[in-house]
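# Residue-level structure breakdown
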Amino acid sequence: TGDDNDVVTDFNPADIVKKMTESPEIISDYLKNQSHTLDGENGEFIPYEFSILKNQITKNVDLPQGGPVLGAVVNVTSDLAVAVETVSKGKTLRDKAEALQFLTESQKNAYAAASSIVSIAKENGKPVVVVGGKLPGFDTVEPSNEDVQEALSAMKLEEDGSSRLNYFIQVYRASDYAVYADYAIHRSQEELSGPRQFVVTK
């Protein structure tokens, strides 16, 4: 930690964990109250991060509700394909649960994400289609060029900053660290990076 009074001469993980549980880390006022503003006490609250202690993400932030569920589109990644194949081999619910335990974290996450949107679509009586591969029990479709153009059109930002499709905008400040520019390129080329725009500032 850089504190001369807190130097660990004999590294013992179990002892460190024991001390941490006996004396929990002090939670900063910043995280507890989430009361930071731009203009002092009377300023507008800016939710820089999510807090499980005092969630104010909707305060002063307009979050328009989406329309009805129309269906689900599942893109088959390599992680999802492996997860589905492994779990589907289980005969009983216990077999499937045990199979999940031996998957990698990325495979578990892929399976959980796909399962959640499939269940929502089914609950609403809407269809589920698969792209980029095959999954048992679902129809596979091949996206056309018109589908791609429609998706890009939905992400177009209007003059007021709105768009038909809500998506993430991730900002990488390469002026702080030059490597951020390369990292933004790496992230944009990831498999199934999702609907988002990457902005690099220099």
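Just above, that's the structure.
Residues numbered from 1 in each chain as written. Predicted model: local features only at pLDDT ≥ 70, side-chain atom pairs only at ≥ 80, totals over all residues. Heavy atoms only, no water.

### Let's talk about the overall build of the chain
Stated precisely, the cut-off is as follows: Secondary structure is summarised from DSSP: a helix means a run of H or I of at least four residues, a strand means a run of E of at least two, and numbering begins at the N terminus for each. In this scheme, a residue with accessible area under 20% of its type's maximum is buried, one over 50% is exposed, and one in between is partly exposed, where area comes from a 1.4 Å probe on protein chains only. Two residues form a contact once any of their heavy atoms are found within 4.5 Å. What sets the accessible areas is the Shrake-Rupley method with a 1.4 Å probe; for residues, cover comes only from the shown protein chains.
In terms of helices and strands, the chain carries 7 helices and 5 strands. Ordered by position in the sequence, the α and β elements of the chain form the string α-α-β-α-α-α-β-β-α-β-α-β. The proportion of buried residues among the 202 residues of the chain is 17%. Once local pairs closer than 6 in sequence are excluded, the contacts in the chain between residues at least 24 apart make up 47%. Accessible area of the chain: about 15800 Å², with a carbon and sulfur share of 54%.

### Topic: the sheet that holds strand β2 (residues 128-131)
Heads up, the condition is: If DSSP finds at least two bridges between two strands, the strands pair. Structural elements are reduced to axes, namely lines fitted to C-alpha atoms, with helices fitted over the stretch in contact, and the angle between N-to-C directions of any two is expressed from 0 to 180 degrees.
With respect to topology, 3 strands assemble into an open sheet ordered β1-β2-β3, the strand pairing being parallel. Among the strands making up the open sheet, the edge pair consists of β1 (72-75) and β3 (139-140). Inspection of the sheet shows β2 paired to β3 by 2 bridges, in the parallel sense. For Val129, the partnering residue across the bridge sits in β3 and is Asp139. Each of β1 and β2 touches helix α5 (residues 105-123); the most contacted strand, β1, lies at about 160° to it.

### Section: the nonpolar core
Quick reminder of the rule: Residues enter a nonpolar core if they are buried and are Ala, Val, Leu, Ile, Met, Phe, Trp, Tyr or Cys, with the set joined through side-chain atoms within 4.5 Å.
The biggest cluster of nonpolar side chains holds 12 residues, and these are Ala72, Val74, Val76, Leu80, Val84, Ala110, Ala114, Val118, Ala121, Val128, Val130 and Leu135. The element contributing the most residues to this core is α5, with 4 residues. Val118 has contacts with Val74, Val128 and Phe138, leaving out every residue within four places of it along the chain.

### Notes on the pairing of β2
Of the strand pairs in this sheet, β1 and β2 are connected by 4 bridges, and their pairing is parallel. Residue pairing across strands places Asn75 opposite Val131, the latter belonging to β2.

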